[in-house]
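As a plain string of letters, each chain reads:
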Amino acid sequence: MGLTFFGLTSDNTTQVRASIFSQIHEIVFHGKGGYSWYDVYNMPIWLRRFTFNKIQNFYADEKEQYENAQSGNKGTKSLVDPSGKVNTPDFAQASKQYKKSSSYK
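Residues numbered from 1 in each chain as written. Predicted model: local features only at pLDDT ≥ 70, side-chain atom pairs only at ≥ 80, totals over all residues. Heavy atoms only, no water.

K.L.:
Could you give an account of the packing of aromatic side chains, with specific residues and numbers?
P.N.:
The final tally for this structure, using the stated rule, is four aromatic pairs. Arranged with centres 6.2 Å apart and planes meeting at 25°, the rings of F21 and W37 form a pair that is stacked. Separated by 16 residues along the polypeptide, F21 in helix α1 (residues 13-30) and W37 in helix α2 (residues 37-41) bring together distant segments of the chain. By relative accessible area, F21 is classed as partly exposed at 33%. What makes W37 partly exposed here is its relative accessible area of 44%. Pairwise contacts between aromatic rings join F21, W37 and Y41 into one cluster. (Phe/Tyr/Trp six-rings, centres within 6.5 Å; stacked < 30°, edge-to-face > 60°. Helix = DSSP H or I, 4+ residues; strand = E, 2+ residues; numbered from the N terminus. Buried < 20%, exposed > 50% of the residue type's maximum accessible area, 1.4 Å probe, protein only.)

Now the structure itself:
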């Protein structure tokens, strides 16, 4: 098959379709119920690209804010490590200030 009017050939048809369906999936999934597959599939191309870019920018900004918040917390200690286990020495040290005095007898 030679060149076609729209530039679609049998060599790139699979890639183009995968790209379109991937974009539709991303809008429907990350739109959190705001879009149905049918609505996104039938959207004008310019509107689908606009919506996709807006969602992509939103999640990129959210990721950047999360990473900035995480990098700002490097000086703090956590009593629970990433595996979910309590760091016993740090916990004992932190809990000293909360122990009640032995005024009750």
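K.L.:
So what's going on with the side chain of R48? Which residues, and what values?
P.N.:
Tracing the backbone shows R48 in helix α3 (residues 45-72). Nearest to the buried, unbridged R48 among oppositely charged side chains is D39, at 12 Å. (Lys, Arg positive; Asp, Glu negative; His and termini not counted. Salt bridge = Lys/Arg side-chain N within 4 Å of Asp/Glu carboxyl O.)

K.L.:
Explain the environment of E26 to me, using residue names and the numbers behind them.
P.N.:
Within the fold, E26 resides in helix α1. Considered as a pair, E26 and I55 are 29 residues apart in the sequence and their alpha carbons are 8.6 Å apart. Every residue in contact with E26, bar those within four places of it in the chain, is listed here: G31 and F52. (Contact = heavy atoms within 4.5 Å.)

K.L.:
Got a sec to walk through the nonpolar core? Specific residues and values, please.
P.N.:
Membership of the largest hydrophobic core is limited to five residues, which are I24, I27, V40, M43 and I55. Contact partners of I24, with chain neighbours within four places excluded, come to W37, V40, Y41 and R48. (Core = buried A, V, L, I, M, F, W, Y, C linked by side-chain atoms within 4.5 Å.)

K.L.:
Go over unusual backbone geometry, please, and point to the residues and values.
P.N.:
A positive phi angle, close to 50°, is found at K32, a residue other than glycine. With a relative accessible area of 66%, K32 lands in the exposed category.

K.L.:
An account of α1 is needed here, citing residue identities and associated values.
P.N.:
Look at α1: 26 Å from first C-alpha to last across 18 residues, which is about the 26 Å you get at 1.5 Å a residue. Turning to α1, its buried residues are Q23, I24 and I27. Buried positions in α1, seen along its axis, are confined to an arc of 95° and lie on one side of it. Pointing more than 90 degrees away from the buried face of α1 are the exposed residues T14, Q15 and F29. Within two residues after α1, K32 carries a phi angle of roughly 50°, on the positive side. (Expected span 1.5 Å × (residues − 1). Arc of directions from axis to C-beta.)

K.L.:
A description of a nonpolar patch on the surface should follow, citing residues and the corresponding values.
P.N.:
A cluster of nonpolar residues, V16, I20, F21, W37, Y38 and Y41, forms a patch on the protein surface that exposes about 580 Å² of accessible area. Positionally, I20 belongs in helix α1. Residue class for I20 comes out partly exposed when judged on its relative accessible area of 32%. (Patch = residues over 30% accessible without salt bridge, like charges linked within 9 Å, V, L, I, M, F, W, Y side chains within 5 Å. Areas by Shrake-Rupley, 256 points an atom, 1.4 Å probe, with all protein chains shown as cover.)

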